[in-house]
Amino acid sequence: MPSAAIAFDRFRPLQDDACDSRIVAAKAALGKRAVILGHHYQRADVYKHADLTGDSLQLSRLAGQTDADYIVFCGVHFMAEVADILSKPTQAAILPDMAAGCSMADMANLAKVERAWRELSEVLEPDEKITPVTYINSAADLKAFCGEHGGIVCTSTNAKQVLEWSFARREKVLFFPDQHLGRWSGYMIGIPPDEMMVWDFDEPLGGLTPEQIRKAKVLLWKGHCSVHQMFQVQNVLNFRSRYPEGMVISHPECNFEVCKLSDYVGSTDFIIKTITESKPNTRWLVGTELNLVNRLAEQVKPQGKVVQFMAPTICVCSTMARIDPQHLAWTLENLVEGNIVNQIKVPEREAEFARIALKRMLEVV
Ligand code: 13P
Ligand code: SF4
């Protein structure tokens, strides 16, 4: 019998150490009934409690494969939504702090995407000519929009293959919400820069002329990640001049010039693998979130590898960092008592179409 939920206020004043032992005890009590998924950007004091870790593509797959009753997602809101959509109806996807959002995902919403689609229909027939592609960093209703309009979801791992899939079906792509991932992936498949136009969702017709829309192959939503925009060309140039033999690796959410100057560009998991598997005594400049970079730097230090953060300032994903040991302990102890707190439940009709777009992606890679 579930009891009344334990209030978070009782956990707020707890020290991290106290939370630590309570998390361990609650995990032991829950056993296989709960699985904790942790994204690579998660803070160290939470990440260490994750049963499974990965980038957003891996975590989506894992969410669809686990048999646990409770999928506790130490990530951000859109990730827990994907876990709910891809898991069985009897499982519960849980986000320990509802305020753990993604500022980039918030840069697109259904009203604005539907308006863009309507405006595009003044120039051409979007449902025949344009594949809507949403980065997984987006709300479930945008994934549903893609599912309903012949579109697809992508992650930073598979955006290139997803664009190829899209162009095999329709001649243009509307890519949202991250212009940088869209531009880099378009560039990777050989689309000239002047055929990739930014769609400014605050302007009528995206700020473009009908002629520009007809010419464009990719329309890039004017969104970005507030963390990755901190990495600048000058950071790369400074590193190159100091360490000519050093290597530069960036996430494709970085701007185009930073990606172009990098030796490697790829997802969080790609970054971890590339540096882990590199030769000993190498030096790396990394353009992605600080928690990941700090963890990786410690991990490869014994092999003489030096891992440096690309920006001179601290850039953490502050929304993901809202999942702290206090919220995790609170969530798990409630589950032990039979109380499901902070469940993420996508409405069924939305989930149905979003699942179509996600499954298309999972079949591509
Ligand atoms: P990955 O798909 O590489 O895990 O990235 C997710 C993300 O939000 C990067 O900012
Ligand atoms: Fe969103 Fe940027 Fe955080 Fe990734 S790093 S979850 S894109 S805000």
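Residue positions are counted from 1 within each chain, in the order its sequence is given. Lettering of chains starts at A and numbering of ligands starts at 1, both following the order in which they are written. Only residues with pLDDT of at least 70 are given local features in this predicted model, and only at 80 or more are side-chain atom pairs given and counted; all residues enter the totals for whole chains, interfaces and linings. Here the side-chain values reflect all heavy atoms present in the structure, with hydrogen atoms and water set aside.

K.L.:
Would you mind going over the overall build of the protein chain in detail, with residue names and values included?
P.N.:
Helix and strand content of the protein chain: 16 helices and 14 strands. For the radius of gyration, the atom set is restricted to C-alpha positions; the globular benchmark scales as 2.2 Å times the number of residues to the power 0.38. Computed over C-alpha atoms, the radius of gyration of the protein chain comes to 21 Å, within 12% of the 21 Å expected from 2.2 N^0.38 for 365 residues, which places it in the range of a compact globule. For the protein chain, the spread of C-alpha atoms along the three principal axes comes to 60 × 55 × 35 Å. Across the 365 residues of the protein chain, 57% fall into the buried class. For this analysis, residues touch if any pair of their heavy atoms sits within 4.5 Å. Pairs at least 24 residues apart make up 67% of the contacts formed inside the protein chain by residues separated by at least 6 positions. With the model as given, the accessible surface of the protein chain reaches about 15300 Å², and the carbon-plus-sulfur share is 52%. Within the protein chain, the 45 negative side-chain charges are centred at a point lying 4 Å from the centre of the 39 positive side-chain charges. For helices the rule is a DSSP run of H or I covering at least 4 residues; for strands it is a run of E covering at least 2, with both sets numbered from the N terminus onward. Relative accessibility decides the category of a residue: with a 1.4 Å probe and only protein chains considered, values under 20% of the type maximum give buried, values over 50% give exposed, and everything between is partly exposed. Here, Shrake-Rupley sampling with a 1.4 Å probe gives the accessible areas, and only protein chains in the shown set may cover a residue. Charge assignment: positive for Lys and Arg, negative for Asp and Glu; neither His nor the chain ends contribute. By convention, charge coordinates are those of NZ in Lys, CZ in Arg, CG in Asp, or CD in Glu.

K.L.:
Quick rundown of the environment of Arg-183? Include the residues and the values.
P.N.:
Turning to its location among the elements, Arg-183 is positioned in helix H9 (residues 179–188). A relative accessible area of 18% means that Arg-183 is categorised as buried. In this structure, the C-alpha to C-alpha distance between Arg-183 and Phe-256, residues 73 residues apart in sequence, is 7.1 Å. In this view, Arg-183 contacts Met-196, Val-198, Leu-220 and Phe-256; residues no more than four positions away in its chain are not counted.

K.L.:
Can you tell me about the pattern of salt bridges, naming the residues and giving the values?
P.N.:
The rule for a salt bridge is simple: a side-chain nitrogen of Lys or Arg has to be within 4 Å of a carboxyl oxygen of Asp or Glu. Evaluated as defined, the whole model comprises 19 salt bridges. A salt bridge links Arg-43 to Asp-45, with the shortest nitrogen-to-oxygen separation between them at 2.8 Å. Residue Arg-43 is classed as partly exposed on the basis of its relative accessible area of 22%. Glu-171 is the partner of Lys-129 in a salt bridge, and the nearest nitrogen-oxygen pair spans 4.0 Å. Taken as a pair, Lys-129 in helix H6 (residues 126–129) and Glu-171 in the loop between helix H8 (159–167) and strand E7 (172–176) lie far apart in primary sequence, 42 residues in all. Accessibility expressed as a relative area gives 41% for Glu-171, which makes it partly exposed.

K.L.:
Explain the site of ligand 2 residue by residue, including any values.
P.N.:
For this purpose, a residue is taken to be near a molecule or strand whenever a single non-hydrogen atom of the residue falls within 4 Å of it. Near ligand 2 you find Tyr-41, Cys-102, Ser-103, Met-104, Asn-137, Cys-225, Val-227, Glu-253 and Cys-317, and these make up its full shell. Residue composition of the shell around ligand 2, grouped by class: six nonpolar, two polar and one charged. When residue character is reported, Ala, Val, Leu, Ile, Met, Phe, Trp, Tyr, Cys and Pro are called nonpolar, Asp, Glu, Lys and Arg charged, and the others, Gly included, polar.

K.L.:
Tell me what's going on with the site of ligand 1, and back it up with residues and numbers.
P.N.:
His-39, Tyr-41, Asp-55, Ser-56, Asn-137, Ser-156, His-228, His-251, Glu-253, Ser-267 and Thr-268 make up every residue found near ligand 1. N or O atoms closer than or at 3.5 Å make up a polar contact, with two conditions inside protein: a donor-capable atom paired with an acceptor-capable one, and, for residues adjacent in sequence, both atoms drawn from side chains. Interatomic distance of 2.8 Å between a side-chain N/O atom of Glu-253 and an oxygen atom of ligand 1. One nitrogen or oxygen atom from the main chain of Thr-268 is found 2.8 Å from an oxygen atom belonging to ligand 1. When isolated, ligand 1 has an accessible area of 300 Å², and the protein chains bury 95% of it. By residue class, the composition of the shell around ligand 1 is one nonpolar, eight polar and two charged.

K.L.:
Please give an account of the nonpolar core that cites residues and values.
P.N.:
Nine residue types can take part in a nonpolar core, namely buried Ala, Val, Leu, Ile, Met, Phe, Trp, Tyr and Cys, and a core is a set of them joined through side-chain atoms within 4.5 Å. Of all hydrophobic cores here, the largest spans 129 residues; its most connected members are Phe-175, Trp-199, Trp-221, Ile-275 and Leu-332. Take this core: its biggest share by element is seven residues, from helix H4 (residues 77–86). In contact with Phe-175, not counting residues within four places along its chain, are Val-133, Cys-154, Leu-163, Leu-181, Gly-182, Val-218, Leu-219, Leu-220 and Trp-221.

K.L.:
Describe the packing of aromatic side chains, with residues and values.
P.N.:
The geometry of an aromatic ring pair is captured by two quantities: the separation of the ring centres and the angle between the planes. Stacked, edge-to-face and tilted labels apply to pairs of Phe, Tyr and Trp rings (six-membered ring for Trp) whose centres lie within 6.5 Å, assigned for plane angles under 30 degrees, over 60, and everything in between, in that order. The tally for this structure, following the rule as stated, stands at 11 aromatic pairs. Consider the rings of Tyr-187 and Phe-256, whose centres lie 4.9 Å apart with planes at 85°: the pair is edge-to-face. Highlighted residues: Tyr-187 in helix H9 and Phe-256 in helix H12 (residues 256–261), separated in sequence by 69 residues. The exposure class assigned to Phe-256 is buried, which follows from its relative accessible area of 15%.

K.L.:
Kindly report on the pairing of strand E13 (residues 306–309), identifying the contributing residues and their values.
P.N.:
Across the two faces of E13 the burial differs, with Val-307 and Phe-309 buried and Val-306 and Gln-308 not buried at all. Pairing between two strands is assigned when DSSP locates at least 2 bridges connecting them. Note that strand E12 (residues 283–287) and E13 share four bridges and pair parallel. Looking across to E13, one finds that Leu-285 is bridged to Gln-308. Taken together, E12, helix H14 (residues 290–300) and E13 form a β-α-β motif whose crossover is right-handed. Orienting the strands away from the viewer, one traces the path from the first strand over the helix to the second; a clockwise path indicates a right-handed crossover.

K.L.:
How would you summarise the sheet that holds E7 if you had to cite specific residues and measurements?
P.N.:
Spatially, five strands are ordered E6-E5-E7-E9-E8 in an open sheet, and the strand pairing comes out parallel. Looking at strand neighbours, the two that pair on one side only are strand E6 (152–154) and strand E8 (196–199), the edges of this open sheet. Here the average twist between neighbouring strands, direction ignored, is 25°. Here E7 runs beside strand E9 (residues 218–221); their pairing, made up of three bridges, is parallel. Where helices are involved, their axes are fitted lines through C-alpha atoms of the stretch in contact, as for all axes, and angles between N-to-C directions lie from 0 to 180°.

K.L.:
Help me get a handle on the environment of Asp-45, residues and values and all.
P.N.:
With respect to the helices, strands and loops of the structure, Asp-45 is situated in helix H2 (residues 44–47). Aside from chain neighbours lying at most four places away, what touches Asp-45 is Asp-16, Asp-20 and Pro-325. Here the side chain of Asp-45 touches Arg-43 through a polar contact of 2.8 Å, side chain to side chain.

K.L.:
With reference to specific residues and values, describe the side chain of Asn-137.
P.N.:
The topology assignment puts Asn-137 in the loop between strand E5 (130–135) and helix H7 (140–148). If we ignore the near neighbours within four places in the chain, the residues touching Asn-137 are Phe-78, Cys-102, Met-104, Ala-105, Pro-177 and Glu-253.

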